[in-house]
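Coordinates in review
Okay, here's what each chain looks like letter by letter:
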Number of protein chains: 2
Amino acid sequence: MTNKYNNVYVENTSTIAGVTEGEGPLKKYFTYLCKDNYEEEKTFELAEANMLQRSVNNSIKDTKPELFLSGDLLNQLMPSNLVAKKLGVPYLGMYSACATSVESLIVASNFIDSGKFKSVLCSNSSHNCTAEKQFRYPNEYGGPKPIYSTHTSTGATSIILSNKKSPIKITSSTIGRVIDMGITDAFNMGAVMAPAAADTIYNHLTNLRQKPDYYDLILTGDLGIYGKEMLIDYMNKEYNLDIKKNYNDCGVMLYDLKTQQVNAGGSGPVCAPLVVYSYVMNKLKSGELKKVLICATGSLHSTTLVNQKISLPSIAHAISLETV
Amino acid sequence: MTNKYNNVYVENTSTIAGVTEGEGPLKKYFTYLCKDNYEEEKTFELAEANMLQRSVNNSIKDTKPELFLSGDLLNQLMPSNLVAKKLGVPYLGMYSACATSVESLIVASNFIDSGKFKSVLCSNSSHNCTAEKQFRYPNEYGGPKPIYSTHTSTGATSIILSNKKSPIKITSSTIGRVIDMGITDAFNMGAVMAPAAADTIYNHLTNLRQKPDYYDLILTGDLGIYGKEMLIDYMNKEYNLDIKKNYNDCGVMLYDLKTQQVNAGGSGPVCAPLVVYSYVMNKLKSGELKKVLICATGSLHSTTLVNQKISLPSIAHAISLETV
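All of the points below concern the structure found in this document. As the structure is a prediction and not an experimental result, all values here were calculated from the model.

Some details on the overall build of chain A
From N to C terminus, chain A includes 10 helices and 14 strands. Computed over the C-alpha atoms, the radius of gyration of chain A is 18 Å, within 12% of the 20 Å expected from 2.2 N^0.38 for a compact globule of 324 residues. By its C-alpha atoms, chain A is 50 × 50 × 35 Å across when sized along the principal axes. Counting only contacts in chain A whose residues sit at least 6 apart along the sequence, the fraction spanning at least 24 positions is 77%. Accessible surface, chain A as shown: approximately 11,300 Å² in total, 47% of it carbon and sulfur. In chain A, 31 positive and 30 negative side-chain charges are present, and the distance between their average locations comes to 6 Å.

Here's what the structure looks like:
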């Protein structure tokens, strides 16, 4: 389902980067670099909520937004709920795993474009120590991970969308369908999510009668280096579309994969927006990029699903950012 | 945040009731009564997904809806994700705990009223055996529960909202804020959620300049008998509003509290829509009710939050159903 928008602009963004993310190649674009994994809190979960709160505070300029849309990886969205409590504005919890950022942007864009809301704050967080503990085992356990696994990124991001004109506009979006290729290995997220990304990118381009080269840059959320190659192959073979020359993956861009120990790259709900709300916004503002398609990717699994040996459903949502 | 709608109608609903729910006073209004807790599946989680799938199948008449909004209580929305996979239409995961049904209705109403979507399917499920296992302890353990605790309802519900005229219209909605009164007892959900319900009902009525008697019936989602009394007191003392004569709670209506062992009443995302999409829709169609305000209530806690002894955040979202 692809929608077009006439009246939705990016008002402000804020990016809080974890320690590893703040040591990566995009360091200079982030709003704030965390000192450690705790940020002066007693638990990793409260540290994640602290980062999310900081991103919210940094993104709000004068008046509070009319609505808060937020999501993260923790069971029942613990960090989002705690931040919504402090913020005190109407709140809706969002969940599309690591595609949650774009789910929120799509809901916000529809709400603003219809004239029902003037400004909506969309936030996301993930924390390597909370996610690994919840989905796999605590990092302190030191379990080995395969090289094709991705590293859950640490940090928090916020963006305020508004009906007030600004240099960057949200022009269209495509809500994804759930795709399941029968993979049960929860380390192999790139392979799980690449077909969902392909389905959504293909539908987006087809519905809008666009070619891949309409965009200066097509970005997926967190496929990692192997998933990125799979998507390029898949788009070629399934849809006869060549995306290679203007395509990249946020999970690959967020780290220096040669020197940083993140295996195939980054993942987590914060991975895509950490790259988009910092580096990509900067390049859109400077005019180096004019049209960017963001396709955030999510693996919709839980420990229960993995333990019951059910194959992993995945989803991808896309949104188009263009300079005015 | 209160919105009004001109163009959003209820096309169809479907209610799948668990065993205890199907033995309650609303038995004759449900679409399907489950035979047992398994519904021929191997696990309780797959049974919940099975019920959700049945509610979806029963609600779709001819053509598939353009969008699927769904949410449940299980970590990472496992049943919703599995059903979204089979359905194959664009999907957004929703989470407001036991207020998720109304969150979905609000998002769908905004999407349809703006003209961007023609038909949206909103679904919810909960299952006593999956929720108790995840949030407290498996039922097989036989742990005692205090009399003020509520019973997570079993079942699944679906509703199709559409821009095609029908006898029942969605006229307005209010998105709630997170309220936290400092309670840390995860059994005492009625007390946790009553102030959130009060805040949302008060804001809804105030924003629309309505009195409580505008509605034939005001319903909360799952406060239970004690939470219901608290809300009546709270509305009186805090806002000087008397709701007693036209107010009830779905968690109280779903069971015969004298003979069924559910302590203070029902809870869970399916509790409110099991009552609203069956009994209330029936009374709206027959003309016995003309204007109903549904205020679904949710306790936004997780086991991590409870174990870390953080007080329980709660939320309530309201939607207004009126006969055309």
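Describing the pairing of strand S4 (residues 67-72) of chain A
Along any regular strand the residues' side chains alternate between the sheet's two faces. Residues and elements named next belong to chain A. The buried fraction of S4 amounts to six of the six residues, a majority that puts the element mostly inside the structure. What you see with S4 is no split at all: Leu67, Leu69 and Gly71 on one side and Phe68, Ser70 and Asp72 on the other are buried throughout. Pairing geometry for S4 and strand S5 (residues 91-95), over three bridges, is parallel. Directly across from Phe68, in S5, lies its bridge partner Tyr91.

Points about the interface of chain B and chain A
Contacts between the two partners involve 54 residues from chain B and, on the opposite side, 54 residues from chain A. Contact between chain B and chain A buries roughly 4,400 Å² in total, counting both sides, with carbon and sulfur atoms accounting for 65%. Seen at the junction of chain B and chain A, the total is four salt bridges. A salt bridge links Asp180 of chain A to Lys85 of chain B; its shortest N-O distance comes to 2.6 Å. The interface formed by chain B and chain A contains 18 residue pairs in polar contact (both at pLDDT 80 or more). For the side of chain B that touches chain A, the secondary structure elements donating two or more residues are strand S1 (2-4), helix H2 (44-59), helix H3 (78-87), strand S5 (91-95), helix H4 (100-113), helix H5 (128-135), helix H10 (303-307) and strand S14 (314-323) of chain B. Here the residues of the side of chain B that touches chain A are counted per class, giving 27 nonpolar, 18 polar and nine charged. Relative to S5 of chain B, S5 of chain A is paired through three bridges, and the arrangement is antiparallel. Across the sheet, the residue bridging to Gly93 of chain A is Tyr95 of chain B, located in S5 of chain B.

A closer look at unusual backbone geometry
Phi is positive for Ala97 of chain A, close to 55°, though the residue is something other than glycine. Positionally, Ala97 of chain A belongs in the loop between S5 and helix H4 (100-113). Phi angles above zero are rare outside glycine, and Asn240 of chain B is one such case at about 55°. In this fold, Asn240 of chain B is placed in the loop between helix H7 (224-239) and strand S11 (247-249).

A short note on the packing of H2 of chain B against H3 of chain B
Residue and element names in this part refer to chain B. In the contact formed by H2 and H3, the axes pass within 9 Å of each other and the chain directions differ by 50°. Judged by the inter-axis angle, H2 sits oblique to H3. Judged by the sense of rotation from one axis to the other, the crossing of H2 with H3 is right-handed. For the pair H2 and H3, the contacting residues are Glu45, Leu46, Glu48, Ala49, Leu52, Gln53 and Val56 in the first and Met78, Pro79, Ser80, Leu82, Val83, Lys86 and Leu87 in the second. Among the residues making up the contact of H2 with H3, the classes are represented as nine nonpolar, two polar and three charged.

Points about the relation of the copies chain B and chain A
Of the transformation placing chain B onto chain A, the axial shift is 0.0 Å and the rotation is 180°, giving an RMSD of 0.0 Å. These values place the two chain copies in the arrangement generated by a two-fold rotation axis. In this assembly, 100% of the residues forming the interface of chain B have copies in chain A that are likewise at the interface, indicating an isologous arrangement.

Some points on the pattern of salt bridges
All names here are of chain A. Taken as a whole and assessed by the stated rule, the structure comprises 19 salt bridges over all chains. Between Glu39 and Arg54 there is a salt bridge; the shortest N-O distance is 3.6 Å. Of this pair, Glu39 sits in the loop between strand S3 (32-33) and helix H2 (44-59) while Arg54 sits in helix H2, and the two are 15 residues apart along the sequence. Residue Glu39 is classed as buried on the basis of its relative accessible area, which comes to 4%. On the basis of relative accessibility, which here comes to 28%, the residue Arg54 falls in the partly exposed class. Between Lys133 and Glu45 there is a salt bridge, with the nearest N and O atoms lying 2.7 Å from each other. Taken as a pair, Lys133 in helix H5 (residues 128-135) and Glu45 in helix H2 lie far apart in primary sequence, 88 residues in all. Of the residues examined, Glu45 reaches a relative accessible area of 3% and is grouped as buried. Shared partners join several salt bridges into a network, and the residues in it are Lys35, Glu39 and Arg54.

Brief notes about H5 of chain B
All names here are of chain B. Across the eight residues of H5, seven count as buried, placing the element largely inside the fold. Of all the positions in H5, only Asn128, Cys129, Thr130, Ala131, Glu132, Gln134 and Phe135 are classed as buried. Each element contacted by the buried residues of H5 is listed here: H2, strand S6 (119-126), strand S7 (151-152) and H10.

Remarks on the environment of Val120 of chain A
Residue and element names in this part refer to chain A. Within the secondary structure, Val120 sits in strand S6 (residues 119-126). Given the relative accessible area of 0%, Val120 is considered buried. Those residues in contact with Val120, other than ones at most four positions away along the chain, are Pro65, Leu67, Leu69, Ala108, Ile112, Ile159, Ile160 and Leu161.

Criteria and thresholds
- Residues numbered from 1 in each chain as written.
- Chains lettered and ligands numbered in written order.
- Predicted model: local features only at pLDDT ≥ 70, side-chain atom pairs only at ≥ 80, totals over all residues.
- Heavy atoms only, no water.
- Helix = DSSP H or I, 4+ residues; strand = E, 2+ residues; numbered from the N terminus.
- Rg over C-alpha atoms; globule rule 2.2 N^0.38 Å.
- Contact = heavy atoms within 4.5 Å.
- Areas by Shrake-Rupley, 256 points an atom, 1.4 Å probe, with all protein chains shown as cover.
- Lys, Arg positive; Asp, Glu negative; His and termini not counted.
- Charge placed at Lys NZ, Arg CZ, Asp CG, Glu CD.
- Buried < 20%, exposed > 50% of the residue type's maximum accessible area, 1.4 Å probe, protein only.
- Pairing = 2+ DSSP bridges.
- Buried area = accessible area lost by both parts, 1.4 Å probe.
- Salt bridge = Lys/Arg side-chain N within 4 Å of Asp/Glu carboxyl O.
- Polar contact = N/O pair within 3.5 Å; in protein donor to acceptor, adjacent residues only side chain to side chain.
- Nonpolar A, V, L, I, M, F, W, Y, C, P; charged D, E, K, R; others polar.
- Axes fitted to C-alpha atoms, helices over the stretch in contact; angles between N-to-C directions.
- Parallel < 35°, antiparallel > 145°, perpendicular 65-115°, else oblique.
- Left-handed = near helix turned anticlockwise from the far one by under 90°.
- Least-squares fit on C-alpha atoms with pLDDT ≥ 70 in both.

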